[in-house]
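Residue-level structure breakdown
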Amino acid sequence: MSEGTRNSGGEHVDAVVVGSGFGGSVAAYRLAEAGLSVVLLERGQPYPPGAFPRSPAEMGRAFWDPDAGLYGMFDVWSFKGCDSVVSAGLGGGSLIYANVLLRKDENWFVNDLPGGAHEPWPISRADLDPHYDAVERMIGAAPYPLDRVPYDNTPKTHAMQDAAAELGLQCTLPPLAVSFAERPGGEPGISLPIVDAGYGNIHGVPRRTCQLCGECDIGCNEGAKNSLDHNYLSAAEHHGADIRTCHEVKALRPRPGGGYEVDYVHHDVPRDPFAVSLKKRRRLPIRTITCDRLVLGAGTYGTTYLLLKSREAFPGLSDALGTRFSGNGDLLTFLLRATDRNRVRPLNASRGPVITTAIRLPDELDDVPGAGRGAYIQDGGYPGFTDWIVERYDVANDFERAVKFLWERFTDMFRGRPDTNLSKEISELIGDGALTVSSLPLLGMGRDTADGRLRLRDGMLSAEWTTETSRALFDRVRRTMRGIADVLGADYADNPMWFRKRIITVHPLGGAPMGAHPGEGVCDAFGEVFGFPGLYIADGAAMPGPVGPNPSLTIAAQADRLATRLLEHASAQGGAGGPAVTAPSATGAEPGGDSGSPDGAGDGPPREARHGSGGMTGTGSGRAGGAARNGSAAYGPVSGGHGVTGGSSAVASGRTSLWFTEEMKGFVTYGESDPRTGGRADGRRPLSFRLTITAEDTDRFVREPGHRARAEGWVDASGHGGRRRVEHGTFNLFVDPSGDADGEVDRRLMRYRLFYTDGEGRARTLSGTKNVLHGPPTRIWPDTSTLYVRLLDGHVDEEDEGRAEVVAAGVLHIRLTDFARQLTTFRTAGPDGAETLLNFGRFFAGELWEVYGPDLV
Ligand SMILES: Cc1cc2nc3c(=O)[nH]c(=O)nc-3n(C[C@H](O)[C@H](O)[C@H](O)COP(=O)(O)OP(=O)(O)OC[C@H]3O[C@@H](n4cnc5c(N)ncnc54)[C@H](O)[C@@H]3O)c2cc1C
Ligand code: SF4
């Protein structure tokens, strides 16, 4: 994770991703995994396990308002008609969400039209299903293990099941993104160490399994929540994505000549962000990064706001911008003082993850005449706040003061909102019952009416939304909640906001909706903005209406689908100066030509059979759990394995291609021409590259003396424009420098020649050589992992190298960890995958034997 700012000096990457929530992190991972250079800009801070605020002082400052010196994770919005809470931090909403991962119901992919008609969404459940699969595997979702000790002792879960049974409603234990076991498929246990996935963890801090503390909505200090930082973002970084926290995007515009420009600031967050800063804040410099593709994942508010603010720069942007805003039918109510035959019925809302059950109310679209619009009702929880209470009041048992304290914290959230002071109402509502064991919040959500609108007013985001047009849905949900209260012998209480015709939504959606054409939506069914190729919307803003159930899984699945399409486009354009891409489809999902395509035909490359070889080390080897056994990415990404740039032609021609990814890092000194000296000199500067090496026809690669392959990826020359795309690259494995047909037995060269353009627009060539010299086998590692490089002025072919001006020289190394990773990236496409890998391995080992093996004569 990079905290350092870079000069705007023309930094250019294949893709910039804005925001690290469900849309942004999925897209960043997919694009980085495919070999694109990716920079992810996230305004908020990282929160490793243990870093979430808990004390009153910390909670009081845990809000996002940089103008007030606040850089915390709760971003609270107050609009006409609704209030809303979203998150700022590495992982976006996943940091404070309640972990429920539900798929959108198959029949609910419609928008309601006046008069009772329906119009289909541009995407269907069938479009999303393969992407749902991929996201579930990656995040890791499991239902609450209610049938095991001690999880069976969760009264609120049993109460919801009892109530649903009594009311004849369907109640399920929905998939939760929580680790109950050390590894997927393992035996659940409280506070066990969680085994890291193959890609490591971005925080480098150990995680432990769920201890049922109910604090999911204020950040899991155990690391038991499978929030996006622990999976997609860790994997994205592992694949080379440059993830920058405290980087807030301020403006966007198309770039003359193609691509996009992104202005951002780097927040100077105090070392202790919870401390009150007396420092006068300085105006932050605006920096600019450019990219070929821009993926917006700043959330419903963030993305819509950025597009509204930057609108002038995007002439012709659809008038649908700002429309189809809704709160996904969110409704918060309370059950108070539950009883069972005149005794207190314990519900223990603070035991277990925040949500454990989901009661589904069918929709008339599910062929239930007269049912109305569908909805879900889930049990809520609240954290055990004991620590705060003790710290603040030193009266651990004084319940009344605890309640008062709690609601002070709650109303703190609405500070700065002049028209609403809810403390009194809320205190009255709660009385002495809120935290008793017999109370339970209920969360409703469903298919409300997406007729809200987001606009800019005086430069600020404003929303217009009303409960009126969704009244029937809300009444249905409230009626059912009352029914649940009756069954549980509890009092039912509306959220006091309800009486002001306001709702609190944690599921804001829409604002930059997808549509079949620009008259209907801002982006197409793959999230690409109409009229602005390469600009994508990956987050909740793209939803054209309510999801119904909790929306994050649908947002993530749509982002995965978007990434597949983006990579197919990039792959198709690769030869025409587009970015180099290695894996057009990491999910196996094939979007080309499906129902959501704007022209109905799809404009990606033709579909073809794709084969993942499983890699040299064996897919999923060493991992437990059913999904890993299936060869899926449930517990770690299966790198590539589904597609390949060279695959299309290779498959068509019957050849078998092979590719792998290599990353090397080191130093060069500008003005020096000898690599050894340049690698050690005082003024040396970092240099690295990440390449995907592809042999289009592996048999030919092994057979021909040049052993030449294509190299694609990026070169990162610090101080010279950051990451630069390799415009043309070649790699030669084990070349005999003598050129002798019989071969020089005791020496081989590995050669790299990479053409790129530096940040100042100068053509450059990285020319590198690994010297594999005859010697003891202990030389194998140093020889094959050390690359002597020269940076040359211009794009210089091998035969002209002697005449070229040397700009810099130095040495790069491959680190052992990177090498281990490299071994897992070997893939093939074509008819003879396994055989090809074996032949390649034999060739590789054979050449090494030639050089390092004993002299037999
Ligand atoms: C308390 C709570 C509980 C929830 N529970 C559930 C649940 O159980 N299941 C479920 O499915 N959903 C749940 N949700 C909703 C879920 O969190 C959101 O639907 C989801 O996070 C939306 O994903 P997104 O990608 O659209 O945006 P987000 O996840 O909100 O991500 C947007 C990211 O962009 C960043 N950003 C914004 N503007 C900028 C900028 N200008 N520059 C750089 N970065 C920027 C933000 O900091 C944020 O990290 C819950 C939400 C809350 C608040
Ligand atoms: S219940 Fe506690 S430990 Fe379990 S996921 Fe939620 S916050 Fe983490």
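We now turn to the structure provided with this report.

Definitions and limits used
- Residues numbered from 1 in each chain as written.
- Chains lettered and ligands numbered in written order.
- Predicted model: local features only at pLDDT ≥ 70, side-chain atom pairs only at ≥ 80, totals over all residues.
- Heavy atoms only, no water.
- Pairing = 2+ DSSP bridges.
- Helix = DSSP H or I, 4+ residues; strand = E, 2+ residues; numbered from the N terminus.
- Near = heavy atom within 4 Å.
- Polar contact = N/O pair within 3.5 Å; in protein donor to acceptor, adjacent residues only side chain to side chain.
- Areas by Shrake-Rupley, 256 points an atom, 1.4 Å probe, with all protein chains shown as cover.
- Axes fitted to C-alpha atoms, helices over the stretch in contact; angles between N-to-C directions.
- Contact = heavy atoms within 4.5 Å.
- Expected span 1.5 Å × (residues − 1).
- Buried < 20%, exposed > 50% of the residue type's maximum accessible area, 1.4 Å probe, protein only.
- Left-handed = near helix turned anticlockwise from the far one by under 90°.
- Nonpolar A, V, L, I, M, F, W, Y, C, P; charged D, E, K, R; others polar.
- Salt bridge = Lys/Arg side-chain N within 4 Å of Asp/Glu carboxyl O.
- Phe/Tyr/Trp six-rings, centres within 6.5 Å; stacked < 30°, edge-to-face > 60°.
- Lys NZ or Arg CZ within 6 Å of the ring centre and 35° of its normal.

Right, let's get into the pairing of strand S31 (residues 763-773). Here strand S30 (residues 747-757) pairs with S31 via eleven bridges, running antiparallel. Looking across to S31, one finds that Arg747 is bridged to Leu773. Where S30 folds back onto S31 in an antiparallel hairpin, the turn is made up of five residues, including Gly761, whose phi is positive at roughly 80°.

This brings us to the site of ligand 1. Taken together, 35 residues surround ligand 1, and among them Glu42, Arg43, Gly93, Gly540 and Ser552 come closest. Between ligand 1 and Gly23, the relevant distance is 2.9 Å, taken from an oxygen atom to a main-chain nitrogen or oxygen of the residue. Separating a nitrogen atom of ligand 1 from a backbone N or O atom of Ala98 is a distance of 2.8 Å. In isolation ligand 1 offers 990 Å² of accessible surface; the protein chains occlude 93% of this area. Put simply, the parts of the chain that give the shell around ligand 1 at least two residues each are helix H1 (22-33), strand S6 (82-87), strand S11 (247-254) and helix H11 (552-573).

Right, let's get into the pairing of strand S21 (residues 460-464). Side-chain direction in a regular strand flips from residue to residue, so the side chains alternate between the two faces of the sheet. Direction of pairing for strand S20 (residues 453-457) relative to S21: antiparallel, over a ladder of five bridges. Within the sheet, the bridge partner assigned to Leu456 lies in S21 and is Leu461. If you look at the hairpin formed by S20 and S21, you'll find two residues sitting between the two strands, and Asp458 has a positive phi there, around 50°.

Glancing now at the sheet that holds strand S19 (residues 440-446). Strand pairs in the sheet, formed through backbone hydrogen bonds, run parallel or antiparallel to each other. As summarised here, the arrangement of the six strands in space is S9-S17-S18-S19-S14-S22, forming an open sheet in which the pairing is antiparallel. What marks the edges here is a single partner per strand, and that holds for strand S9 (170-172) and strand S22 (491-494). The mean angle between the axes of side-by-side strands here comes to 25°, regardless of whether they run parallel or antiparallel. Across the sheet, helix H10 (residues 471-487) touches strand S14 (331-336), strand S17 (358-361), strand S18 (375-379), S19 and S22, and the angle it forms with S14 is around 20°.

Turning to H1, a few remarks are in order. In this model, H1 (twelve residues) spans 17 Å end to end at C-alpha, consistent with the 16 Å of a helix rising 1.5 Å per residue. By the criterion of burial, H1 is predominantly enclosed, with twelve of the twelve residues buried. At the C-terminal side of H1, Gly35 shows a positive phi close to 100°.

Once that is clear, we can look at the packing of H1 against H11. Where H1 meets H11, the closest approach of the two axes is 8 Å, and the angle between their N-to-C directions is 35°. Judged by the sense of rotation from one axis to the other, the crossing of H1 with H11 is right-handed. Residues Phe22, Gly23, Val26, Arg30 and Leu31 of H1 touch H11, and the partners they reach there are Ser552, Ile555, Ala556, Ala559, Asp560, Ala563, Thr564, Leu566 and Leu567. Along the lines of polarity and charge, the residues of the contact of H1 with H11 split into nine nonpolar, three polar and two charged.

Moving on, we get to the site of ligand 2. Close contacts around ligand 2 come from 14 residues, with Cys210, Cys213, Gly214, Cys216 and Cys220 the closest. Split into classes, the residues belonging to the shell around ligand 2 amount to eight nonpolar, three polar and three charged.

Here we take up the pattern of salt bridges. For the coordinates displayed, the defined rule picks out 44 salt bridges. Between Arg54 and Glu215 there is a salt bridge; the shortest N-O distance is 2.8 Å. Taken as a pair, Arg54 in the loop between strand S2 (38-41) and helix H2 (56-60) and Glu215 in the loop between S9 and helix H5 (232-238) lie far apart in primary sequence, 161 residues in all. Both residues of the pair, Arg54 and Glu215, count as buried. A salt bridge links Arg447 to Asp112, with the nearest nitrogen and oxygen atoms 2.6 Å apart. Of this pair, Arg447 sits in the loop between S19 and S20 while Asp112 sits in strand S7 (residues 110-112); the two residues are 335 residues apart in sequence, bridging distant segments of the chain. Through salt bridges with shared partners, a single network forms among Arg103, Arg125, Asp129, Asp133 and Glu136.

On to the packing of aromatic side chains. In this structure the tally under the stated criterion is 20 aromatic pairs. Taken together, a centroid distance of 5.0 Å and an interplanar angle of 40° make the contact between Trp77 and Tyr301 tilted. In this pair, Trp77 is assigned in strand S5 (residues 74-79) and Tyr301 in helix H6 (residues 299-309), connecting sequence segments 224 residues apart. We note that Trp77, like Tyr301, is buried. Looking at Arg684, its charged tip hangs above the ring of Phe667, at a distance of 4.1 Å from the centre.

This next bit is on the environment of Arg815. Turning to its location among the elements, Arg815 is positioned in the loop between strand S33 (806-813) and helix H17 (816-823). Along the backbone, Arg815 and Lys665 are 150 residues apart, and their C-alpha atoms lie at a distance of 7.9 Å. Setting aside residues no more than four positions away along its own chain, Arg815 makes contact with Lys665 and Trp781.

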